[in-house]
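Analysis of the macromolecular model
What follows is the residue order along each chain.
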Amino acid sequence: MNQRIFQLIKRLLIVIASILLLSVIVFTMSRLAPGDPLIAYYGEQAEKLSVEEREWAMERLGLNDPLPQQYGRWLKQAAQGELGLSYKYKQPVMQVISARMGNSVLLVGSSFVLLCVLSLLLGCICACYEDSLIDKLLRRSGIVFSCLPEFWFSLLLILLFSVLLPLFPSSGAHCIGRADSIADRLHHLVLPLAAVLISHAWYYAYLVRNKLCEEVRAEYVLLAKAKGLSRLRILLWHCLPNVLPGYISLMVLALPHILGGTYVVEAVFSYPGLGALIYESARYHDYNLLMVLSLFTGAVVIAANMLAQALNERIDPRTAGINTEVSYYD
Amino acid sequence: MTDPRFELVGAKPQAEAAPQKMRRHRPPYSTAVLLALIVLPCLLAEVVMTRDPAYMDLAHCLVAPCREFIFGTDSLGRDIFSMIWYGGRISLTVGFLATVIATALAMIIGSLSALAPRWLDALLMHITDILLSVPSLLLVLFLQAFFRQNSVFTLSIVLGITGWMGMSRVVRTEVLQLRGCEYMEAARLMGGSFFYLLRRHLAPNFIPSLMFMAVMQFRSAVMAEATLSFIGLGLPLEVVSWGSMLSLAQQALLTASWWVVVIPGAFLLVTLVCVTNIGNHLRKVHSHGERNL
């Protein structure tokens, strides 16, 4: 019991250290960026300031202090929830983000869940009919789909399903004035979701398939077969649980890719989420916003990694106590 | 074993499995030919082009594919057929340069990490892990925001310094296995410097298993170039590349001029699929590359 608490504390410390390190990198990069930092605080008026006013403003904002000191102050403010102003929106960063967070959570969340289900399903189908026509067909098309650049695929979807056949809307999260309508929101979600799913699902399905095909060669499968169990039952009841821990950590490691993919798709569909915001902030050199968004995304991913480990231990207690650090010294 | 119900599960007969293995390792000739059909005209763009890819023929904007403009023209009146080859060269150059930079960084950081004292090793690998956990496009975006004016060179550097992490893991694992070899110790005792060891003893050993990763890095660099240019954070519109050609695609959707959207993307996709096939072949040949991830 004592050891478990120790493990938990250690793991928490690693999470915190990782996020801190990430924030140091992000902070240094944003401060080394060219451009006038005063603009980030005062907008275009900063260009009209006289030399004395500039000096005073720089002093007041502490921009003349050495970087570590500035970082310390930023961290202190960040801990209190003050993350600065967005240059483009002229609003506190948190306000800009929280307005769009819901949309992104909806898109990323639903695509992640569906992706997990879909890739597991496809993987099982392929493993069940290994080397059959279905398997080969899915494998071939899978290579092509996994090479599709998300943004181009989204454009194709728009071209096909909203320009040539006007079935789905090409942008936005809901029609104007219909923000409360669930059906309308789902209608807007279809194309972005399809773009994310189709360009990602295959890769993970392929990994599931390979794992399952390996598993099916094991001796216990032969025994189960001899007992007279059906092929499907063996695959689902005996092989799948063995594959699952690897699959979960795989899906969590996939999270950054899926996030990155969703961000691109959001930008193409001008879906008002964090992804579209991130590209906008990079294009307009809105460093404060970009910094917070990057940090936020990174933190989500780091937290997810830890979650995967905990889940794996639940499923397979043998992996407990083996943490990633140890495996470096193999 | 003749019962058909045993075909799916259980061990396969040796005789049946063996020829299949041979077939799988056949080099992908058709893919190579297809790739050459795209890459060679790109390299010899000046010969293949029918007109100046940068010339804006404003009298012929958004012309559908016809005899004069084989692939049509974009909204600025540029000939897409010429742009494909000329832009392809730039896209492939970015991919190639980025891969070279990333591979060099991965080789240095990976072997440094494996040969360094434990604390430095742990630190380097933790940093690698953290960088690996951030969506790579985000890192690129972050670096990209600092360059006011993008050129082929700056974009390659950015894509290079954000793409080394996965490869450096592989290098590190390989070097850890080589570290204890007698020839390594001998070379070190004779005072061989880090770069000498890397060049003479380490690199020749791990390069085969790194090839697959490098090819995949090329693929993702080409894809990242297209994505960034499309969004307006990569190459500007004047620098013709597959990505910057597609940055006009969103406008083209409004006028339903499909050729602006479909043609550059199709070339991009075919190239990426070919590269992936070659990468998969390399992975099968040196199959322990993936295990060391």
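The text that follows walks through the structure, step by step, so that each part is easy to find. (Residues numbered from 1 in each chain as written. Chains lettered and ligands numbered in written order. Predicted model: local features only at pLDDT ≥ 70, side-chain atom pairs only at ≥ 80, totals over all residues. Heavy atoms only, no water.)

1. Here we look at the nonpolar core
Buried together is how nonpolar side chains tend to be arranged in soluble globular proteins. Residues Phe151 of chain A together with Ile84, Leu159 and Phe206 of chain B are the most contacted members of the largest nonpolar core, which totals 152 residues. At 20 residues, helix α10 (residues 194-231) of chain B tops the list of elements feeding residues into this core. Ignoring any residue separated from it by four or fewer positions in sequence, one finds Ile84 of chain B in contact with Cys42, Phe71, Trp242, Met245, Ile263, Pro264 and Phe267 of chain B. (Core = buried A, V, L, I, M, F, W, Y, C linked by side-chain atoms within 4.5 Å. Buried < 20%, exposed > 50% of the residue type's maximum accessible area, 1.4 Å probe, protein only. Helix = DSSP H or I, 4+ residues; strand = E, 2+ residues; numbered from the N terminus. Contact = heavy atoms within 4.5 Å.)

2. Details of the pattern of salt bridges
Within this structure, the stated rule accounts for seven salt bridges over all chains. We note a salt bridge from Glu130 of chain A to Arg217 of chain A, for which the minimum N-O separation is 3.1 Å. With a gap of 87 residues between them, Glu130 of chain A in the loop between α5 (93-128) and α6 (133-147) and Arg217 of chain A in the loop between α8 (182-216) and α9 (219-226) connect regions that are remote in the sequence. Residue Glu130 of chain A is classed as buried on the basis of its relative accessible area of 16%. Exposure remark for Arg217 of chain A: the relative accessible area of 33% places this residue in the partly exposed category. Put simply, Arg89 of chain B and Glu46 of chain B hold a salt bridge, and the shortest N to O gap is 3.0 Å. (Salt bridge = Lys/Arg side-chain N within 4 Å of Asp/Glu carboxyl O.)

3. Quick look at the side chain of Ser241 of chain B
Residues and elements named next belong to chain B. Following the sequence through the fold, Ser241 ends up in the loop between α10 and α11 (242-246). The class for Ser241 is buried, based on a relative accessible area of 0%. Only 2.7 Å separates the side chain of Ser241 from the side chain of Glu225, close enough to count as a polar contact. The contact partners of Ser241, leaving out residues within four places of it in the chain, are Gly87, Ile90, Ser91, Glu225, Ser229 and Leu235. (Polar contact = N/O pair within 3.5 Å; in protein donor to acceptor, adjacent residues only side chain to side chain.)

4. A few points about unusual backbone geometry
With a phi close to 65°, Asp131 of chain A is a non-glycine residue in the positive phi region. Topologically, Asp131 of chain A is positioned in the loop between α5 and α6.

5. Brief notes about a negative patch on the surface
Residues and elements named next belong to chain A. Taken together, Glu52, Glu53, Glu55 and Glu59 make up a surface patch of like negative charges. Tracing the backbone through its elements, the reader meets Glu52 in helix α3 (residues 51-61). The class for Glu52 is exposed, based on a relative accessible area of 60%. (Patch = residues over 30% accessible without salt bridge, like charges linked within 9 Å, V, L, I, M, F, W, Y side chains within 5 Å. Areas by Shrake-Rupley, 256 points an atom, 1.4 Å probe, with all protein chains shown as cover. Lys, Arg positive; Asp, Glu negative; His and termini not counted. Charge placed at Lys NZ, Arg CZ, Asp CG, Glu CD.)

6. Considering the packing of aromatic side chains
Tallied over the entire structure, the rule returns 10 aromatic pairs over all chains. Aromatic pair Tyr203 of chain A and Tyr204 of chain A: ring centres 5.1 Å apart, planes at 80°, arrangement edge-to-face. Relative to Phe81 of chain B, the ring of Phe71 of chain B has its centre 5.4 Å away and its plane inclined at 65°; by these criteria the two rings are edge-to-face. Of this pair, Phe71 of chain B sits in the loop between α3 (45-48) and α4 (80-115) while Phe81 of chain B is found in helix α4, placing the two residues 10 residues apart along the sequence. Look at Phe81 of chain B and you get buried, because its relative accessible area is 12%. Through a chain of ring-to-ring contacts, three or more aromatic side chains come together here, namely Phe71, Phe81, Trp85 and Phe267 of chain B. The ring of Trp237 of chain A carries the charged tip of Arg233 of chain A above its face, separated from the ring centre by 4.8 Å. (Phe/Tyr/Trp six-rings, centres within 6.5 Å; stacked < 30°, edge-to-face > 60°. Lys NZ or Arg CZ within 6 Å of the ring centre and 35° of its normal.)

Without other data, these values stay purely geometric and don't point to any function.
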